[in-house]
Amino acid sequence: MQSIADTPALLNERITAIVHALATDATVPADQLLPLLTDISAYLQQQNEHNYRLFFELARVPILLIDPETRQIKNANRAAENFYGYSREQLLQLCITDINCLTPQQIREEMAHAEAERRAFFLFPHRLASGEIRQVEVHSGPIIIDGHEYLYSTIYDITERQQALIQLRDSEARYRALHDSLPVGCLTQDAEHNILAINDEACVIFGVDRAQLQNNNLASMPWVRVRENGEPLSLDEHPAVECLRTRTPVRGFIMGLKSEHHTVWLSVNSQPLYHPGETEPYAVISTFSDISELKQIEEKLSLAASVFTEAREAIMITDADARIVQINNAFCDITGYSQDEVLGQNPRLLQSGYQDTAFYHAFWRQLLEVGHWSGEIWNRRKNGDIFAEQQTISAVKNAKNETHHYVSLFSDISDRKQYEKQLEQQAFYDQLTGLPNRAQLTDKLTLAIQQNNHALTQLCVAYIDLDGFKQINDTYGHAVGDQVLVTIAQRMKKVLRGTDVVARLGGDEFVALFTVNQERPWLHLVTRLLNSIAKTLSIGTLPLNVSASIGLTFYQQASNLTAEQLLAQADQAMYQAKQAGRNQYQLYEAKLH
């Protein structure tokens, strides 16, 4: 009798014969019936296994069969080969822990999180054959195959989705940071005039705490609203209320907030907010600036022409078309232009070319929308000299809320800028070599660590100590020693790229900070550093030789580290290089320290 290896047609013929026998004779020998039933059962099992294997191979998502005891990968489909970049034979030589980037403790924590969140999947970082790390979603469960229990794991690549979520959170954080740091007051209200959000500048302008405004109603505010002419302003006429009612933005609305002791004058811009696809605004956002000082300046200009003329700050007044109509003596002193040379001219005659078109577009947009602009700007004197000035420009409006003049006040801050530059040079740069000092290195290293958290490159910290420098310094004096340090610093800068950093910590100790990847191997760069330092120096007629001991550490590491911790690792590795004979490098290894 043939076995399950028979063709399905022959098996069907045997079944038909048994059925016919049962129809004509109530008894069929067991030696015929039992083998047939066994063959039918085996055939059905074979078909199920065939269907499973067909699904396993043709599935478009990676699937792995894993031994739950050893974590050995027992099978992988084509999609898994394509995703991980390994052949099936290579995958079967791996454990799942060779692919999962988490430690056993971290894996247990993720499983606990999934159980607590009632998730049917786990979130793991998996490393591909190329070294790239992808964020995956793993759906895993037990399955019995050929009497053996396996973990049937389906892998979904969610890297792009995770990155999109990160970008969304970053976008929200940037919006919050921008909202809270705006130099103008910002307040958001819903359709019922309840205050939804307010920034710090608004609290400063109003002279109240955030808690006094957040979630309160606009009608309950403890001040009287007045128009620019001093007449009361009803709530219905408030720019935010009008914006909601008319569904159109309100720009440059001037109003006062009158309390018991003083009045704060504001220039208000209100903009309706809509949900996607809706035509009715659900809220309004208002930005406003305190223009009380501007009104005071306007009054002083009209009452005290002598103060205008003798002011130590330069004052320039233009008409609404930006033609200069009046200047004071300080303007002439600072710019070198006389009154006859500038009246009727556009202030662009002072432009230095240091600011681009985008700067002036933003400048005019703020001036027109908010009513004032303040900041630093570089201009040109009549004799061609470039100078820095601190400038404030304000729009002066009439009773009809129309801009009829712009008032610009500025002072020459060139000396201050030069002093600030000198202070910065002293605070962040080594005075001998001109290299960044330890303070700036720490800042740059901290920033590099933050930027390297999601990068594919590695951050390398090289701690460099000169061999033989003390003997040169003691033998030939500090002047020669200083020239050696300057020469070595220049050599290291030539070896490194412009984006890399080399800093002097003090004495003959330096630190180089650079990134490496497969295209830019670290060993080649470190070798060039060693060779450049070891070249003979000529100081006057003296041929001098020094070498370097270099300690290296890399980031990222298993745990997050601070800049000081990375420097300490590199310092320890450098000490090992010294002990090993100098003029060489050593890598930091945690187990040695």
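Colleague: Mind laying out unusual backbone geometry, listing which residues take part and the relevant values?
Modeller: In this structure, R247 is a non-glycine residue whose phi angle is positive, near 60°. For R247, a relative accessible area of 41% puts it in the partly exposed group. Despite not being glycine, N583 shows a phi value in the positive range, around 50°. You can see N583 is positioned in the loop between α21 (563-579) and β23 (584-587).

Colleague: Go over the side chain of S286, please, and point to the residues and values.
Modeller: Within the fold, S286 resides in strand β11 (residues 283-290). Here the side chain of S286 touches S270 through a polar contact of 2.8 Å, side chain to side chain. Discounting residues that sit within four places of it in the chain, S286 has contacts with G185, C186, L187, Q189, A240, V268, N269 and S270.

Colleague: So what's going on with the sheet that holds strand β7 (residues 195-198)? Which residues, and what values?
Modeller: Taken in spatial order, the 6 strands make up an open sheet running β7-β6-β11-β10-β9-β8, and their pairing is antiparallel. Of all strands in the sheet, those bounded by a partner on one side alone are β7 and β8 (224-226). Between one strand axis and the next, the sheet turns through 30° on average, direction left out of account. In this sheet, β11 lies alongside strand β6 (residues 185-190) in antiparallel orientation, the contact comprising 6 bridges. Bridging across to β11, L187 finds its partner in S286.

Colleague: Quick one: what's the story with the packing of aromatic side chains, residue by residue and with numbers?
Modeller: Counted under the stated rule, the structure contains 13 aromatic pairs. One aromatic cluster is present, formed by F359, Y360, F363, W364, W373 and Y406 through successive ring pairs. Cation over ring: K295 sits above W265, and NZ or CZ is 4.7 Å from the ring centre.

Colleague: So, the side chain of R491: which residues are in play, and what are the values?
Modeller: Among the structural elements, R491 can be located in helix α19 (residues 478-495). A polar atom in the side chain of R491 sits 2.8 Å from the backbone oxygen of S532. Among the polar contacts made by the side chain of R491, one reaches the main-chain carbonyl oxygen of K535 at a distance of 2.9 Å. When residues no more than four places from it in sequence are discounted, the contact partners of R491 are S532, I533, K535, T536 and L537.

Colleague: Describe in detail the environment of Y84, supporting the description with residues and values.
Modeller: When you line up the elements, Y84 lands in helix α3 (residues 78-84). Overall, Y84 belongs to the buried group, its relative accessible area being 0%. For the pair Y84 and R134, spaced 50 residues apart in sequence, the C-alpha separation works out to 9.6 Å. In contact with Y84, other than residues within four places in its own chain, are L64, L91, I99, H126, R127, L128, A129 and I155.

Colleague: Describe the packing of helix α18 (residues 469-476) against α19, and please don't skip the residues or the numbers.
Modeller: At a minimum axis separation of 6 Å, α18 and α19 run at an interaxial angle of 145°. When α18 is examined against α19, the residues F469, I472, N473 and Y476 are found in contact with a partner set consisting of H478, V480, G481, V484 and L485.

Colleague: So, the pairing of strand β13 (residues 324-327): which residues are in play, and what are the values?
Modeller: Alignment of strand β12 (residues 314-319) against β13, held across 3 bridges, turns out to be antiparallel. Within the sheet, the bridge partner assigned to T318 lies in β13 and is I324. The turn linking β12 back onto β13 is made up of 4 residues, and A322 within it adopts a positive phi angle of 65°.

Colleague: Tell me what's going on with the packing of helix α17 (residues 438-452) against α21, and back it up with residues and numbers.
Modeller: At a minimum axis separation of 9 Å, α17 and α21 run at an interaxial angle of 105°. Accordingly, the angle class assigned to the pair α17 and α21 is roughly perpendicular. Where α17 abuts α21, its residues R438, L441, T442, L445, T446 and I449 lie against A563, E564, L566 and L567. In the contact of α17 with α21, the residues fall into 6 nonpolar, 2 polar and 2 charged.

Colleague: Tell me what's going on with α18, and back it up with residues and numbers.
Modeller: Among the residues of α18, those classed as buried are F469, I472 and N473. Looking straight down α18, one finds that the buried residues subtend no more than 95° of arc, so they occupy a single side. The exposed residues of α18 that point more than 90 degrees off its buried face are K470, Q471, D474 and T475. Among the structural elements, β17 (458-467), α19 and β21 (542-544) are those in contact with the buried residues of α18. Looking one or two places after α18, you find G477, whose phi comes out positive at around 100°.

Colleague: Please set out the pattern of salt bridges residue by residue, giving values where relevant.
Modeller: Taken as a whole and judged by the stated rule, the model has 22 salt bridges. We note a salt bridge from R134 to E160, for which the minimum N-O separation is 2.7 Å. Taken as a pair, R134 in strand β4 (residues 133-145) and E160 in helix α7 (residues 159-181) lie far apart in primary sequence, 26 residues in all. Its relative accessible area of 46% is what places E160 among the partly exposed residues. The network of salt bridges with shared partners includes E132, R134, D157 and E160.

Colleague: Can you lay out the nonpolar core for me, pointing to particular residues and giving the numbers?
Modeller: Within the largest apolar cluster, 33 residues are counted, with the highest numbers of intra-cluster contacts made by I464, V484, F514 and I550. If you tally residues by element for this core, the top one is α19, at 7 residues. Ranked by size, the runner-up nonpolar core spans 26 residues in total, among them L213, V241, V250 and V284.

Colleague: Describe α19, with residues and values.
Modeller: The end-to-end C-alpha distance of α19 is 26 Å, a good match for the 26 Å that 18 residues give at a rise of 1.5 Å each. All of the buried residues along α19 are V480, G481, V484, L485, I488, A489, R491, M492 and V495.

Calculation rules
- Residues numbered from 1 in each chain as written.
- Predicted model: local features only at pLDDT ≥ 70, side-chain atom pairs only at ≥ 80, totals over all residues.
- Heavy atoms only, no water.
- Buried < 20%, exposed > 50% of the residue type's maximum accessible area, 1.4 Å probe, protein only.
- Helix = DSSP H or I, 4+ residues; strand = E, 2+ residues; numbered from the N terminus.
- Polar contact = N/O pair within 3.5 Å; in protein donor to acceptor, adjacent residues only side chain to side chain.
- Contact = heavy atoms within 4.5 Å.
- Pairing = 2+ DSSP bridges.
- Axes fitted to C-alpha atoms, helices over the stretch in contact; angles between N-to-C directions.
- Phe/Tyr/Trp six-rings, centres within 6.5 Å; stacked < 30°, edge-to-face > 60°.
- Lys NZ or Arg CZ within 6 Å of the ring centre and 35° of its normal.
- Parallel < 35°, antiparallel > 145°, perpendicular 65-115°, else oblique.
- Nonpolar A, V, L, I, M, F, W, Y, C, P; charged D, E, K, R; others polar.
- Arc of directions from axis to C-beta.
- Salt bridge = Lys/Arg side-chain N within 4 Å of Asp/Glu carboxyl O.
- Core = buried A, V, L, I, M, F, W, Y, C linked by side-chain atoms within 4.5 Å.
- Expected span 1.5 Å × (residues − 1).

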